[in-house]
Amino acid sequence: MEIALTNTLTRRKERFEPANPSRVTMYVCGPTVYSYAHIGNARPPVVFDVLFRLLRLTYGEQAVIYARNYTDIDDKIIAAAAKSGEPIDAITRKFERIYEEDTGALGVLPPTLTPRATEHVSDMIALIEQLLAKGAAYKAETGIYFSVAADEDYGKLSGRSQDELKAGARVEGEDDKRHPSDFALWKTTKPGEPSWEASFGAGRPGWHIECSAMIEKELGSPIDIHGGGIDLIFPHHENEIAQSESAHGHALARVWMHNGFLTMDREKMSKSIGNIITPRELLEDWQGETIRWALLSAHYRAPLDWSEDLLRQAQASLDRLYGAVLRLKDVAAAEVDAPSAFVEALADDLNTPAAIAELSALATAANVAKKPAEQARAKGELLAAARLLGVLNEDPEHWFRASFGDEAAEIDRLVAERVAARAAKNYAESDRLRDELAARGVEVMDSASGSTWRRKG
Ligand code: AMP
Ligand code: ZN
């Protein structure tokens, strides 16, 4: 099957061809672990999780190596430690664990590798030494800087010209740079900050060099796919390219992919604006799959405006799918592949809205299937497709119970009373109970193996 991906570097949708189909490599910039991620930060891990699943289906589970790092040394982490008085590694380990729990609750598979920056400092030092030796970097009082002027290609990912870059942002504490766009590879030791010894002087790494070093060490370059949020194109990914390509003389990544922003009231969700909701808060009211579905409801490159309404729609869509699975509760699903129309939608630059439409059609097919063999096939296709999107992992009865929260026990009682009324042939009472359940938005489904219920579509 052919996969097409939009490559930020070429600004085109291209046919994806890994350098080695038996070893497909992908790297996605992971979180800086000093506080809770917000739901916008969850968009990249969820989007690239779907790509990971698609690549594994296409090339084989063992063939795909996906690395997502932890940035566990950074200005913000140092500031958080100074504020709380906790040791840095206590903070970073805690928020790594929280990130894993939150992404896990959203159905994100663990990546193959999750390298930590602090465990690759010697690789960063070696890379900086290479850049110094090549004249691509220079030493100043405040640190080691990458020299943008020495790199003809600089700006090729973001499409910024050297002239535009001349107006680059000033960064506090970097007054001794030669050019405003030069960026820190290494920051000279300051009292009270973590520090590592290096041939060019003690200090700590800059953010961009972390990813360049981890990619080289964990995956080797060029990698097939490098991903992250759109805000990382410049400067972070531009700088990763500059460092790695200047050091190695070949491309860092062949395909660059960037997800659009998650917004609220059309404004980017971000800690600095303060308009954030965390997965943790959302998980109090919504099931993980509902949140995941909402994140996948727009194409990954498009902006996605987050709202209660979006979540309600996501839940209604999933209720419909779970309703179809519940109706076929007594049918064993056939062992089949996800239908090609569904897979092709995902293979077309991860078109999740089209894939979701296909999934909905599969639920319709399951609902109308009559013969046992048709039902088994329809259920099998629905579940195989859902697996690729990372949904329908719950037991359907549990799904509906969970979405009714505390009311579920009350509904169970009414359903049991209705079963008893029917057994006693008290049809007036059983009809009354059915109406009462209907008023609560519940539909009872009677089958040979008993009565189950679901949220009415
Ligand atoms: P940060 O912790 O800010 O480095 O962000 C971690 C990841 O989340 C990066 O890939 C960012 O590009 C991405 N990201 C941050 N904010 C948003 C947002 N509002 N919408 C989508 N992605 C975001
Ligand atoms: Zn990175």
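Whatever comes next refers back to the structure up there.
Draft legend 1. Inspection of the layout of surface pockets at higher detail. What the second largest pocket holds in volume is close to 300 Å³. Sorting the residues of the lining of the second largest pocket by element identifies α1 (43-59) and α13 (372-389) as the ones contributing at least two each. Looking at the lining of the second largest pocket residue by residue, the classes come out as seven nonpolar, no polar and five charged. Looking at which domains feed residues into the lining of the second largest pocket, each of domain 1 (4-259) and domain 2 (272-397) supplies at least three.

Draft legend 2. The packing of helix α2 (residues 75-84) against helix α3 (residues 88-105), seen in detail. The geometry of α2 relative to α3 is characterised by a closest axis approach of 9 Å and an angle of 115 degrees between their N-to-C directions. Accordingly, the angle class assigned to the pair α2 and α3 is roughly perpendicular. Here the hand of the crossing between α2 and α3 comes out right-handed. Contacts between α2 and α3 pair Ile77, Ile78, Ala80, Ala81 and Ser84 from the former with Ile88, Ile91 and Thr92 from the latter. Counted by class, the contact of α2 with α3 contains six nonpolar, two polar and no charged residues.

Draft legend 3. Up close: the coordination of the zinc ion (ligand 2). In the first shell of the zinc ion (ligand 2), the protein supplies Cys29 (SG), Cys211 (SG), His236 (NE2) and Glu240 (OE), at 2.0 to 2.3 Å from the metal. One can describe the donor arrangement at the zinc ion (ligand 2) as irregular, given that its four donor atoms subtend angles of 80 to 128 degrees at the metal. Summarised as a motif, the one-chain spacing of the donors to the zinc ion (ligand 2) is C-x181-C-x24-H-x3-E. Of the two residues, Cys211 is situated in helix α6 (residues 207-218) and Glu240 in helix α7 (residues 233-248); the sequence distance between them amounts to 29 residues. Judged by relative accessible area, Cys211 falls into the buried class, the value being 1%.

Draft legend 4. Region of interest: the site of ligand 1. Looking at ligand 1, there are 13 residues lining it, with Asn41, Gly229, Asp231, Leu262 and Met269 nearest. Asp231 has a polar side-chain atom sitting 2.3 Å from an oxygen atom of ligand 1. At 2.7 Å from a nitrogen atom of ligand 1 is found a main-chain nitrogen or oxygen belonging to Leu262. Within the complex, 87% of the 480 Å² of free accessible area of ligand 1 lies under protein.

Draft legend 5. Up close: the pairing of strand β4 (residues 64-68). Counting buried positions over the five residues of β4 gives five, a clear majority of the element. The two faces of β4 match: Val64, Tyr66 and Arg68 on one face and Ile65 and Ala67 on the other face are all buried. Here five bridges tie strand β3 (residues 24-28) to β4, and the two strands are oriented parallel to one another. Pairing of Val28 across the sheet is with Arg68, part of β4. Between the parallel elements β3 and β4, the chain passes through α1 in a crossover that is right-handed.

Draft legend 6. Expanded view of unusual backbone geometry. Residue Pro222 is reached from Ser221 by a cis peptide bond, and omega for that bond is 0 degrees. By the element assignment, Pro222 lies in the loop between α6 and β9 (223-229). The omega torsion of the bond from Phe234 to Pro235 falls at 0 degrees, within 30 degrees of zero and hence cis. Considering the arrangement of structural elements, one finds Pro235 in helix α7. The phi dihedral of Asp265 falls on the positive side, at around 50 degrees, and the residue is not glycine. Within the element layout of this structure, Asp265 appears in the loop between β11 (262-264) and β12 (267-268). Here Asp265 falls in the exposed class, since its relative accessible area comes to 72%. Although it is not a glycine, Asp349 adopts a positive phi angle of roughly 55 degrees.

Draft legend 7. Seen up close, the packing of aromatic side chains. A full pass over the atoms with the stated rule returns ten aromatic pairs. Geometrically, the ring pair formed by Tyr36 and Phe95 is edge-to-face, given 5.2 Å between the ring centres and 85 degrees between the ring planes. Of the two residues, Tyr36 is situated in the loop between β3 and α1 and Phe95 in helix α3; the sequence distance between them amounts to 59 residues. Among the aromatic residues, those joined into a cluster by ring pairs are Phe146, Tyr154 and Phe183. Just above the ring of Phe234 sits the side chain of Arg160; from NZ or CZ to the centre is 3.9 Å.

Criteria and thresholds
- Residues numbered from 1 in each chain as written.
- Chains lettered and ligands numbered in written order.
- Predicted model: local features only at pLDDT ≥ 70, side-chain atom pairs only at ≥ 80, totals over all residues.
- Heavy atoms only, no water.
- 1 Å grid on protein atoms, 1.4 Å probe; cavity = no way out; pocket = protein on both sides within 12 Å on 5 of 7 lines; lining within 4 Å.
- Points joined across faces, edges and corners; volume = space filled by probe spheres on them.
- Helix = DSSP H or I, 4+ residues; strand = E, 2+ residues; numbered from the N terminus.
- Nonpolar A, V, L, I, M, F, W, Y, C, P; charged D, E, K, R; others polar.
- Domains from an automatic or database assignment.
- Axes fitted to C-alpha atoms, helices over the stretch in contact; angles between N-to-C directions.
- Parallel < 35°, antiparallel > 145°, perpendicular 65-115°, else oblique.
- Left-handed = near helix turned anticlockwise from the far one by under 90°.
- Contact = heavy atoms within 4.5 Å.
- Donors = N, O, S within 2.8 Å, 3.2 Å for Na, K, Ca; no water.
- Tetrahedral: all angles 85-135°; square planar, octahedral: opposite > 155°, others 65-115°.
- Buried < 20%, exposed > 50% of the residue type's maximum accessible area, 1.4 Å probe, protein only.
- Near = heavy atom within 4 Å.
- Polar contact = N/O pair within 3.5 Å; in protein donor to acceptor, adjacent residues only side chain to side chain.
- Areas by Shrake-Rupley, 256 points an atom, 1.4 Å probe, with all protein chains shown as cover.
- Pairing = 2+ DSSP bridges.
- Right-handed = clockwise from strand over helix to strand, strands pointing away.
- Phe/Tyr/Trp six-rings, centres within 6.5 Å; stacked < 30°, edge-to-face > 60°.
- Lys NZ or Arg CZ within 6 Å of the ring centre and 35° of its normal.

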